[in-house]
Protein chains: 2
Amino acid sequence: MNPENLRIVLVDTRNPLNIGAAARAISNFGFRHLRLVNPYNVAYLEAKSAVNAAEILTNAQEYQTLREAIADCSLVVGTTAIGHRELQHPLRRLEYAGMVLRRHLASGNVALLFGSEKFGLSNEEMSYCHWLLRIGTRDEHASMNLGQAVAVCLYELSRKKAVRAPESKQLAGAQDLDRMTDRLVEVLRESGYVHSSSTEAKTRRLVRRLNLPAHDAEVWLGMLRQIQWKLKQKPDGILNQ
Amino acid sequence: MNPENLRIVLVDTRNPLNIGAAARAISNFGFRHLRLVNPYNVAYLEAKSAVNAAEILTNAQEYQTLREAIADCSLVVGTTAIGHRELQHPLRRLEYAGMVLRRHLASGNVALLFGSEKFGLSNEEMSYCHWLLRIGTRDEHASMNLGQAVAVCLYELSRKKAVRAPESKQLAGAQDLDRMTDRLVEVLRESGYVHSSSTEAKTRRLVRRLNLPAHDAEVWLGMLRQIQWKLKQKPDGILNQ
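What counts, and at which threshold
- Residues numbered from 1 in each chain as written.
- Chains lettered and ligands numbered in written order.
- Predicted model: local features only at pLDDT ≥ 70, side-chain atom pairs only at ≥ 80, totals over all residues.
- Heavy atoms only, no water.
- Helix = DSSP H or I, 4+ residues; strand = E, 2+ residues; numbered from the N terminus.
- Contact = heavy atoms within 4.5 Å.
- Areas by Shrake-Rupley, 256 points an atom, 1.4 Å probe, with all protein chains shown as cover.
- Least-squares fit on C-alpha atoms with pLDDT ≥ 70 in both.
- Core = buried A, V, L, I, M, F, W, Y, C linked by side-chain atoms within 4.5 Å.
- Buried < 20%, exposed > 50% of the residue type's maximum accessible area, 1.4 Å probe, protein only.
- Pairing = 2+ DSSP bridges.
- Axes fitted to C-alpha atoms, helices over the stretch in contact; angles between N-to-C directions.
- Parallel < 35°, antiparallel > 145°, perpendicular 65-115°, else oblique.
- Left-handed = near helix turned anticlockwise from the far one by under 90°.
- Nonpolar A, V, L, I, M, F, W, Y, C, P; charged D, E, K, R; others polar.
- Salt bridge = Lys/Arg side-chain N within 4 Å of Asp/Glu carboxyl O.
- Buried area = accessible area lost by both parts, 1.4 Å probe.
- Polar contact = N/O pair within 3.5 Å; in protein donor to acceptor, adjacent residues only side chain to side chain.
- Phe/Tyr/Trp six-rings, centres within 6.5 Å; stacked < 30°, edge-to-face > 60°.
- Lys NZ or Arg CZ within 6 Å of the ring centre and 35° of its normal.

Observations regarding the overall build of chain A
When its secondary structure is counted, chain A shows nine helices and seven strands. Sequence-distant contacts in chain A: of pairs separated by 6 or more residues, those separated by 24 or more amount to 83%. Only carbon and sulfur atoms are counted for the fraction: they give 51% of the accessible area of chain A, which is about 13200 Å².

What about the relation of the copies chain A and chain B?
Mapping chain A onto chain B is achieved by rotating through 180° and translating by 0.1 Å along the same axis, at an RMSD of 0.2 Å. Here the transformation between the copies is reduced to the relation of a two-fold axis. Interface overlap between copies is the fraction of interface residues in one copy that are interface residues in the other; for chain A against chain B it reaches 97%, indicating a shared surface.

Considering the nonpolar core
Counting residues in each nonpolar core, the largest one holds 80 residues, and the members touching the most others are Leu34(A), Leu154(A), Leu34(B) and Leu154(B). Discounting residues that sit within four places of it in the chain, Leu154(A) has contacts with Leu6(A), Ile8(A), Ala25(A), Ile26(A), Phe29(A) and Phe31(A).

Quick word on the sheet that holds strand β4 (residues 75-79) of chain B
Residues and elements named next belong to chain B. Taken in spatial order, the seven strands make up an open sheet running β3-β2-β1-β6-β4-β7-β5, and their pairing is parallel. Each edge of the open sheet carries a strand with a single partner, namely β3 (61-63) and β5 (91-93). Adjacent strand axes in the sheet meet at a mean angle of 30° when their direction is disregarded. In this sheet, strand β6 (residues 110-114) lies alongside strand β1 (residues 6-11) in parallel orientation, the contact comprising five bridges. Across the sheet, the residue bridging to Val 9 is Leu 113, located in β6. Its contacts with the sheet place helix α1 (residues 16-28) against β1 and β2 (33-37), and it is angled at close to 160° to β2. Here helix α6 (residues 146-157) sits on the sheet and contacts β1, β4, β6 and β7 (131-134); the angle it forms with β6, its principal contact strand, is near 150°.

A word on the packing of helix α7 (residues 174-190) of chain A against helix α8 (residues 199-208) of chain A
Angle between the axes and distance between the axes are the two parameters that describe a pair of packed helices. Residue and element names in this part refer to chain A. Running from N to C, α7 and α8 point in directions that differ by 130°, and their axes come no closer than 9 Å. The angle between α7 and α8 falls in the class oblique. Here the hand of the crossing between α7 and α8 comes out right-handed. Contacts between α7 and α8 involve Ala 174, Leu 177, Asp 178, Met 180, Thr 181, Leu 184, Val 185 and Leu 188 from the first element and Glu 200, Thr 203, Arg 204, Val 207 and Arg 208 from the second. The residue makeup of the contact of α7 with α8, split by class, is seven nonpolar, two polar and four charged.

Examining the sheet that holds strand β7 (residues 131-134) of chain A
Residue and element names in this part refer to chain A. A sheet is described by the order of its strands in space; here seven strands give the open sequence β3-β2-β1-β6-β4-β7-β5, paired in parallel fashion. Each edge of the open sheet is held by one strand with a lone partner, namely β3 (61-63) and β5 (91-93). If you compare each strand with its neighbour and ignore which way they point, the axes differ by 30° on average. As judged from the three bridges shared by strand β2 (residues 33-37) and β3, these two strands associate in the parallel manner. Its bridge partner lying in β3, Leu 36 is registered against Glu 62.

Quick word on the pattern of salt bridges
Residue and element names in this part refer to chain B. Using the criterion set out here, one finds 23 salt bridges over all chains in the structure. The residue Arg 7 makes a salt bridge to Asp 72 at a minimum N-O spacing of 3.3 Å. Of this pair, Arg 7 sits in strand β1 while Asp 72 sits in the loop between α3 (66-69) and β4, placing them 65 residues apart in sequence. You can call Arg 7 buried: its relative accessible area is 9%. Across the pair Arg 179 and Glu 218 runs a salt bridge, and its minimum N-O distance is 3.3 Å. Taken together, the residues Arg 179 in helix α7 (residues 174-190) and Glu 218 in helix α9 (residues 214-240) connect sequence positions 39 residues apart. By relative accessible area, Glu 218 is classed as partly exposed at 41%.

Points about the side chain of Ser116(B)
Examined against the element boundaries, Ser116(B) turns out to sit in the loop between β6 and α5 (123-126). When neighbours within four sequence positions are excluded, Ser116(B) is seen to be in contact with Val11(B) and Asp12(B).

Concerning the interface of chain A and chain B
For interface size, the figure often reported is the accessible area lost on association. Taken together, the 39 residues of chain A in the interface contact 38 residues of chain B. The contact between chain A and chain B buries some 3300 Å² in all, and 51% of this surface belongs to carbon and sulfur atoms. Its largest share of buried area at the contact with chain B, chain A owes to Asn28(A), His141(A) and Tyr155(A), together 20% of the area lost on that side. Counting the contacts that link chain A with chain B gives two salt bridges. When the shortest N-O distance is used, the salt bridge between Arg159(B) and Glu156(A) registers 2.8 Å. Along the contact surface separating chain A from chain B lie 24 residue pairs in polar contact (both at pLDDT 80 or more).

Considering the packing of aromatic side chains
All chains considered together, the criterion is met by three aromatic pairs over all chains. Between Phe29(A) and Tyr155(A), the aromatic rings sit 6.2 Å apart at their centres with planes inclined by 65°, giving edge-to-face as the arrangement. Separated by 126 residues along the polypeptide, Phe29(A) in the loop between α1 (16-28) and β2 and Tyr155(A) in helix α6 (residues 146-157) bring together distant segments of the chain. Overall, the relative accessible area of 1% leaves Tyr155(A) in the buried class. For the pair Tyr155(A) and Tyr155(B), a centre-to-centre distance of 6.3 Å together with 85° between the ring planes defines the contact as edge-to-face. One end of the pair, Tyr155(A), is in helix α6; the other, Tyr155(B), is in helix α6, on a second chain. The same class applies to Tyr155(A) as to Tyr155(B), namely buried. An aromatic cluster is defined as three or more aromatic residues linked by ring pairs; in this entry it consists of Phe29(A), Tyr155(A), Phe29(B) and Tyr155(B). Taking NZ or CZ as reference, Arg92(A) lies 4.5 Å from the ring centre of Trp131(A), over its face.

Listed below in structure tokens is the structure:
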């Protein structure tokens, strides 16, 4: 996928905050091209929520018509929350649509269209689309905030396959765990906690279940040593009083 | 995953619009529980961007401390854009974190924490977390708008595996395509377009590449018939003038 090839096209947007939010998401996810068709408020450059997205807003291009805004795109996809209109287009969920878009973005320009906050894309505007996508919101409340919808779509486009991060923490070895178990059993014995002969095995399992990083095992061992020292000191302490 | 088990916890949020936006995303993606720790502006119930999310806002619970807000959760995960602080926690990308969270949400309560707009989560707040997650934004502009970050996280949690939607359109059969090809060749011949004997095969391939739905093939055939009729009428028309 080449992020240079994506044009995010906002049609008839009324709220400049939403234009700013869209610009911010475009910048967050490493895309570049924002196009505005007939924006309601031309003061969109002042959009306040667009922290650090000034470059995207400055380079945003304004068009009078949708036809002009998408002229250089070989794939045009509209977003919709469906609603009550009967759609005349193939409709794909974002999860699958993202795959198709990424493939196309490798070599061709894609326009991703977002309609006005109140009405979404009109039928006329949809007729310029090859197909439509929807975000999997629940039917009872399908319509998303414009800036949030843009962010979710761009997240999906730049999403990577979930990979389990390599275990960064080095787990404590058996020897460390044994030293800790031994010390803990001693402390428990000296505290009068140990009542049965099975305590040692129980404690060993308890310590294993902690899944301790090597560094933390050292810290615990230090704590136990100090506690044990104090436990042994106590009679003297009392004598000293 | 049981969406009932998720608590979205906003800590020290300053802008009521962001609380409203978070509530809207919670409603969009079918979650329920919004918790606010020490919100800056208690007038959050008026949050305007929370279209249709009134129920989430009405039921939102307010806490003085983070400790109270997460008391019933067995997994506490903080969100971060990293920044310059050295993190003391395991950090997972949202794609992988989502898998772990979904698994935990099947049986246990999860708190997902979002820090203030300006500073994110403090080190003190992070110390309540089991681990942290980050959304895969670009390093040069990692920090997302709060409402957008909430939406992206909840999208990932409710994300479904990409499944190719069953082909909804019935493609035109070979017979339909042949009828259309024949008619088109006739029209081209009558228009004087056909020059070589290879035109018919070329046209047949051209029509095949259209990948026409059955219904559309009918429409094209009707158009061609009408054009052919008009082409034949023309001499009479001229005579009638």
